[in-house]
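So you can see what is in the structure, the chains are spelled out below.
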Amino acid sequence: MVAVRYDTVFKLYPYEKVPDQDKPARRHPVVIVGGGPIGLAIALDLGQRGTPALVLDDHDGAGTGSKAICFAKRTLDISHRLGVGQAMVDKGVVWNVGKVFHDENRLFEFNLLPEDGHRNPAFINLQQPYFEKFIYEGIEAAQANGAPIEVRGMNAVTALESHDDHVVVSVDTPDGPYTLEADWLIACDGARSPIREMMGLDFEGRVFEDNFLIADVRMTADFPTERWFWFEPPFKGSGQSALLHKQPDDVWRIDFQLGWEIDREKELDPANIRARVDAMLSSQSGEVPEYELVWTSIYTFQCRRMKNFRHGRVFFAGDSAHQVSPFGARGANSGMQDAENLAWKLNFVLNGHAPEGLLDSYDDERGFGADENILNSSRATDFMTPKSDMSKVFRNAVLELASKHSFARPFVNSGRLSVPCVYDGFPLFGVDALDGPTVTRPGASCTDATVDQGFLLDHLKGNFTLLAIGTEAPPQFTFDGVAIDVVHVPSPSPELSTRYLGDAAQAVYLIRPDQHIVARWADFDAEEVECAINLSLGKA
Amino acid sequence: MPLNLTPNIADADGFYDELLAAHQDLTKDDSDAFNARLILTLANHIGDREILRAAINAAK
């Protein structure tokens, strides 16, 4: 039997009996445990590259509940490469105006005017079930084109046996158990990862003693699409902070930071929730708009990570590997960066284009990303809930000054929006032989810019790519069996020039399949490029 | 040059972290004394009396 732990909003991959269940254990190249956003994204990326991916999920679709709601630009860029980004942007909510309050006072407001020359906005608000559904629709479209992806619903992994060159996986289904084998297994089974438990692995970090009450309310009243954030909100019993922002379908997400010693049952009483929500929604206009409570819950959070994200033939990606506080939207967003980092490497190793050692760089690079995310989200949390008297003195001094002087506003921290980390100085990245902008130095992910009538990232389709700006480069070529795309831009747009040339007159960039920059030069030199490709594949 | 009241510190979060770390494990009295020493040290670096006077007013 497979226990049902939550309801699904979208039934995406209903259980179907497959021949594997009546046969001796069959070997699969890649088995992904968990059909959440990260597991599905890895499957889609692998499948589009022609590498068979089998996803096992113990439910049959996207679960209900308050989960990720803010998806940052990098995530949208990755999703766009996978062919599913536009659906997300079309459904998502984009906001630009934010207001920051302290107690009764409105401290300041900001307007996140979008920067020119990007296909995607800085972020969108979108309920996670939609995000999962759009990726799954991408999988169905890829399957129709012959991509070897299979998703098995109501398949719960119950045991794991690690060997040097494969993993044996025991699976339970509504028709009883069966066994399969995997060359590689990726655990995308969430913060409480059963796989991590089965393997007896660590998950170390810091527990924040705080409870957050979430209320998703639906209101069709005319209410501004703005993000409102309170430090020490004036509404009765509302705790240390409160947040209001909009999601699609007329749903507003409200967070109240309640503190540690609370009576959960009392706080979840709809009458109590409504009292708080009434006070918040009427705080600016004096009137309570009509609304309906769609979802409420109380959660606590931790900032922690596994010491290693790779254990032999098993990888951990997303929340199973690292968990952060929700401030800054670094959970699902960092998981999507795990997904894109791992998918191409696994594909190259399975195809024999790279040595197995390449896979260790996944742990190296994404461990660094996790540390950066934990640092940022811990800082936000410490600002919102000062941990000592003196930090509260400084925090309140910052808030007071911020209402009068712009210099104090950068200190105000209610979460720093997730941006991809730069793999500065990591071993798989090469020379910076261009006097170019820092934003596009080796290690960075490519920032978008207009190219002809479209966008640069549209040209980075998941192969190694040479980007030649204002200079010559050979047409598409193959090196050691690896296809190298060439994007030739004779006359760059102003944005491309600012972001990729700076003071340089011309440039050649080598870009990895995950759109991170390997190396850059002023001119094309075949030998230099080949060296950088080898380095990038862990062959140097 | 008048007192700069626009953002001027690169990596504001990192600086803020470092500032609070300097207070970690200090008693209230020690923290107050540390703040005083820090203000005097920074004031000496600024030197310009006009700027210091403007800063005192800005913080009031």
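Residues numbered from 1 in each chain as written. Chains lettered and ligands numbered in written order. Predicted model: local features only at pLDDT ≥ 70, side-chain atom pairs only at ≥ 80, totals over all residues. Heavy atoms only, no water.

## Digging into the overall build of chain A
Definition in use: Starting at the N terminus, helices and strands are each numbered in turn, a helix being any DSSP run of H or I of at least four residues and a strand any DSSP run of E of at least two. Atoms considered for the radius of gyration are the C-alpha atoms alone. The globule rule reads 2.2 Å times the number of residues to the power 0.38. The buried label goes to any residue with under 20% of its type's maximum accessible area, the exposed label to any with over 50%, and the partly exposed label to all in between, with areas taken from a 1.4 Å probe on protein chains only. In what follows, residue pairs with any heavy atoms lying within 4.5 Å of each other are defined as contacts. Each accessible area is a Shrake-Rupley result for a 1.4 Å probe, and residues are judged covered by the shown protein chains and nothing else. Asp and Glu count as negative and Lys and Arg as positive, but His and the ends of the chain are not part of the count. Where a charge sits is defined by one atom per residue type, namely NZ (Lys), CZ (Arg), CG (Asp) or CD (Glu).
Of the regular secondary structure elements, chain A holds 12 helices and 28 strands. For 540 residues, the compact-globule estimate of 2.2 N^0.38 gives 24 Å, and chain A sits close to it at 24 Å. Dimensions of chain A, computed from C-alpha atoms along their principal axes, come out at roughly 65 × 65 × 40 Å. Taken over 540 residues, chain A has a buried fraction of 58%. For chain A, contacts bridging at least 24 residues in sequence account for 72% of all contacts bridging at least 6. Of the roughly 21,200 Å² of accessible surface on chain A, a fraction of 48% belongs to carbon and sulfur atoms. Looking at chain A, you have 50 positive and 78 negative side-chain charges, and the mean spots of the two groups are 3 Å apart.

## Quick notes on the sheet that holds strand E15 (residues 241-247) of chain A
Residue and element names in this part refer to chain A. Put simply, the rule reads: Any two strands with at least two DSSP bridges between them are considered paired. Axis lines are fitted through C-alpha atoms, for helices just across the contact stretch, and the angle between N-to-C directions can take any value from 0 to 180 degrees.
Spatially, E7-E6-E14-E15-E16-E13-E17-E20 is the arrangement adopted by the eight strands of the open sheet, whose pairing is mixed. With one partner strand each, in any of the chains shown, strand E7 (105-111) and strand E20 (322-323) form the two edges of the open sheet. Bridge count between strand E13 (residues 204-218) and strand E17 (residues 292-305): 12 bridges; the pairing is antiparallel. Bridge assignment links Arg218 to a residue of E17, and that residue is Glu292. Lying over the sheet, helix H9 (residues 360-384) contacts E13, strand E14 (227-231), E15, strand E16 (251-259), E17 and E20, oriented at roughly 120° with respect to E17.

## Quick look at a negative patch on the surface
All names here are of chain A. Convention followed: Candidate patch residues must exceed 30% relative accessible area and have no salt bridge, after which like charges are joined if within 9 Å and Val, Leu, Ile, Met, Phe, Trp or Tyr side chains if within 5 Å. Salt bridge criterion: a side-chain nitrogen from Lys or Arg within 4 Å of a carboxyl oxygen from Asp or Glu.
Judged by side-chain charge, Asp523, Asp525, Glu527, Glu528 and Glu530 come together as a negatively charged surface patch. Assignment of secondary structure puts Glu527 in helix H12 (residues 526-536). Residue classification places Glu527 among the exposed positions, given a relative accessible area of 63%.

## Remarks on the nonpolar core
Basically, it comes down to this: Working definition of a nonpolar core: buried Ala, Val, Leu, Ile, Met, Phe, Trp, Tyr and Cys residues. They are joined through side-chain atoms within 4.5 Å.
If you look at the biggest cluster of nonpolar residues, it comprises 96 residues, and the most contacted ones within it are Ile32(A) and Ile186(A). It is helix H8 (residues 332-350) of chain A that contributes the most residues to this core, nine residues altogether. Counting 27 residues, the second-largest nonpolar core is a separate cluster that includes Phe208(A), Cys303(A), Val412(A) and Tyr16(B).

## Observations regarding the domain arrangement of chain A
Residue and element names in this part refer to chain A. The following threshold applies: Where each domain starts and ends comes from a domain assignment, either automatic or drawn from a database. Note on terms: buried area is the combined drop in 1.4 Å-probe accessible area of two parts once they are placed together, counting the loss on both.
Along its sequence, chain A is organised into domain 1 (8-83 + 121-203 + 304-372), domain 2 (204-302) and domain 3 (432-536). Placing the centre of domain 1 and that of domain 3 at their C-alpha centroids yields a distance of 29 Å. At the interface, 14 residues of domain 1 touch 18 residues of domain 3. Both sides of the domain 1 and domain 3 interface together cover about 1,200 Å² of buried area, and 48% of this is carbon and sulfur. Together, Arg74, Arg81 and Trp344 form the three largest contributors to the area buried by domain 1 at its contact with domain 3, with a combined 41%.

## Here we look at the pairing of E14(A)
All names here are of chain A. The buried fraction of E14 amounts to five of the five residues, a majority that puts the element mostly inside the structure. Because side chains alternate across E14, one face comprises the buried residues Arg227, Phe229 and Phe231, and the other comprises Trp228 and Trp230, equally buried. In this sheet, E15 lies alongside E14 in antiparallel orientation, the contact comprising four bridges. Within E15, the residue paired with Phe229 across the bridge is Leu243.

## What about the interface of chain B and chain A?
To keep things clear, this is the line we draw: What qualifies as a polar contact is a pair of N or O atoms within 3.5 Å, subject to a donor-acceptor requirement within protein and to the restriction that residues adjacent in sequence count only when both atoms come from side chains.
The interface is formed by 20 residues belonging to chain B together with 18 residues belonging to chain A. Carbon and sulfur atoms supply 64% of the area buried between chain B and chain A, which totals about 1,500 Å² over both sides. When the buried surface of chain B facing chain A is broken down by residue, Leu5(B), Asp13(B) and Tyr16(B) rank first, second and third, together holding 38% of it. Between the two partners, chain B and chain A, sit two salt bridges. Note that Asp13(B) is salt-bridged to Arg416(A), the shortest N-O span being 2.5 Å. Where chain B meets chain A, there are seven residue pairs in polar contact (both at pLDDT 80 or more). Of all the secondary-structure elements, those providing two or more residues to the side of chain B that touches chain A are helix H1 (12-23), helix H2 (28-46) and helix H3 (49-59) of chain B. By residue number, the principal contributor to the side of chain B that touches chain A is H1(B), which donates nine residues.

## Quick look at the side chain of Asn341(A)
Residues and elements named next belong to chain A. Of note, Asn341 is situated in helix H8. Looking at Asn341, the relative accessible area reads 0%, which means it is buried. Discounting chain neighbours no more than four positions away, the residues touching Asn341 are Tyr362, Glu365, Arg366, Tyr423, Arg512 and Asp514.

## Digging into the sheet that holds strand E27 (residues 507-511) of chain A
Residue and element names in this part refer to chain A. With mixed pairing, six strands are arranged side by side in an open sheet as E21-E28-E27-E24-E26-E25. Of all the strands in the sheet, just strand E21 (432-433) and strand E25 (477-479) have a single pairing partner and so form its edges. Across six bridges, the pairing between strand E24 (residues 464-469) and strand E26 (residues 482-489) is parallel. Considered in E26, the bridge of Leu467 is made with Val487.

## Some words on the packing of aromatic side chains
Residue and element names in this part refer to chain A. The test is simple: In this scheme Phe, Tyr and Trp rings, the latter by its six-membered ring, pair at centre separations within 6.5 Å, and the angle between planes marks the pair as stacked below 30 degrees, edge-to-face above 60, and tilted otherwise.
Throughout the structure, instances matching the rule amount to 30 aromatic pairs over all chains. Measuring from ring centre to ring centre gives 4.8 Å for Trp95 and Phe123, while their planes differ by 55°; the resulting arrangement is tilted. Taken together, the residues Trp95 in the loop between helix H3 (85-91) and strand E6 (97-102) and Phe123 in strand E8 (residues 123-125) connect sequence positions 28 residues apart. An identical accessibility class is assigned to Trp95 and Phe123; each is buried.

## Points about helix H2 (residues 73-81) of chain A
All names here are of chain A. Of all nine residues in H2, eight are buried; the element is thus mostly enclosed. Among the residues of H2, Lys73, Arg74, Thr75, Leu76, Asp77, Ile78, Ser79 and Arg81 are the ones counted as buried. At its buried positions, H2 is contacted by helix H1 (37-48), strand E5 (70-72), H3, E8, helix H4 (128-144) and H8. One or two residues past the end of H2 sits Gly83, with phi positive at roughly 85°.

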